[in-house]
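Notes for the structure review
The lines below spell out each chain.
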Amino acid sequence: MGNKKNVRNQREGKDELVQLVSNVNRADDVDLNRRAFIKATAGMSIALGLATIPFSIRAAIGMEEDDDAKEIIALDELPRGKSATFYYPEESDPALLIHTKSGELLAYNSACTHLMCPVFYESEKEELVCPCHKGYFDLKSGHPTAGPPQRELPRIDVEVRNGVVYAVGRQVRHG
Amino acid sequence: MAKKHLYTLVLLVSVAVHVVLLQWTIEAYLGHEWTRVYTLTLIAAGTTLATAACTIGWYRAEYRAAPRHQEGSR
């Protein structure tokens, strides 16, 4: 009888009562329960809500752009149906100047709005292509026409002065 | 519905709301739409305060001492 009592108080044992509750892990019941779930949910919700604040701070700190005209290329050096790469407004912002077959000058930042891969000008079909994930942008508007990109390419305003093409401004969201 | 259940429901819904707000904020930030970023942040701050208030309310309701049994009753 003494042996039976000792077995009953042990985690492992052949006693019927132990076998009946052998699937109960008391440690987990203490730590992982309804209250813990609700507390974790509340904490996660508050963290997600507060996560928007750094974006506002970053936006307020200094995102103003320099709108001075920046020389890109001489128009003579860019025949129709060709494109030229430049950087605007910063050196970290690659851009593409396109001289369309119809003689129009269009410029966009060439970082794909999906995952920042470089976008190329496809002169045959007159469209902008991102080869990484087969994203396509309309040449005239810069808006995505196929593939994973959801936002348009930022449009760069260009001017021709004395035969030289200048970048004079940028519109990130347009159309 | 008991107050505790209402608080729990609000907390669960707030997770979805905050996920959406964060997604919209990031989209607006990437699109340089600063006004929209500020607006969404203000909304998120408001809902976060409401979530915190609900959390406190739930905590009080959950851990409120159970009424004592009167002597002689089972």
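All values reported here derive from a predicted model rather than from experimental measurement. (Residues numbered from 1 in each chain as written. Chains lettered and ligands numbered in written order. Predicted model: local features only at pLDDT ≥ 70, side-chain atom pairs only at ≥ 80, totals over all residues. Heavy atoms only, no water.)

1. Let's talk about the pattern of salt bridges
Enumeration according to the criterion identifies nine salt bridges over all chains in this entry. As a salt-bridge pair, Arg35 of chain A and Glu62 of chain B come within 2.6 Å of each other at their nearest N and O atoms. Within this pair, whereas Arg35 of chain A is found in helix α4 (residues 34–50), its partner Glu62 of chain B is found in helix α2 (residues 34–62), the two belonging to separate chains. Glu62 of chain B sits in the buried class, given a relative accessible area of 6%. (Salt bridge = Lys/Arg side-chain N within 4 Å of Asp/Glu carboxyl O. Helix = DSSP H or I, 4+ residues; strand = E, 2+ residues; numbered from the N terminus. Buried < 20%, exposed > 50% of the residue type's maximum accessible area, 1.4 Å probe, protein only.)

2. A short note on the confidence of the model for chain A
Per-residue confidence for chain A gives a mean pLDDT of 85; residues scoring 70 or more make up 83%. The lowest-confidence element of chain A is helix α1 (residues 2–8) of chain A, averaging 54 in pLDDT; the highest-confidence one is α4 of chain A, averaging 95. (pLDDT = per-residue confidence, 0-100.)

3. Comments concerning the environment of Pro94 of chain A
All names here are of chain A. In this structure, Pro94 sits in strand β3 (residues 94–99). Accessibility expressed as a relative area gives 27% for Pro94, which makes it partly exposed. C-alpha separation for the pair Pro94 and Asn109, spaced 15 residues apart in sequence, amounts to 5.8 Å.

4. Regarding the sheet that holds strand β7 (residues 135–138) of chain A
The strands that make up a sheet are held in pairs by hydrogen bonds between backbone atoms, and each pair lies either parallel or antiparallel. All names here are of chain A. Strand order across the open sheet formed by four strands is β5-β6-β7-β8, with antiparallel pairing between neighbours. Every interior strand has two partners, whereas the edge strands, β5 (120–122) and β8 (144–146), have only one. The mean angle between the axes of side-by-side strands here comes to 40°, regardless of whether they run parallel or antiparallel. Relative to β7, strand β6 (residues 127–130) is paired through four bridges, and the arrangement is antiparallel. Bridge pairing links Cys130 to Gly135 in β7. (Pairing = 2+ DSSP bridges. Axes fitted to C-alpha atoms, helices over the stretch in contact; angles between N-to-C directions.)

5. What to know about the state of the cysteines
Residue and element names in this part refer to chain A. Tallied over the entire structure, the rule returns one disulfide over all chains. There is a disulfide in this structure between Cys117 and Cys132, and the S-S distance comes to 2.0 Å. On the sign convention where negative is left-handed, the bridge of Cys117 and Cys132, at about -85° about the S-S bond, is left-handed. Remark: Cys132 occurs in the loop between β6 and β7 and Cys117 occurs in the loop between β4 (105–109) and β5; sequence separation between them is 15 residues. Take Cys112: it sits in no disulfide, and the sulfur closest to it among the cysteines is that of Cys130, at 3.6 Å. For Cys112, a relative accessible area of 1% translates into the label buried. (Disulfide = S-S within 2.5 Å.)

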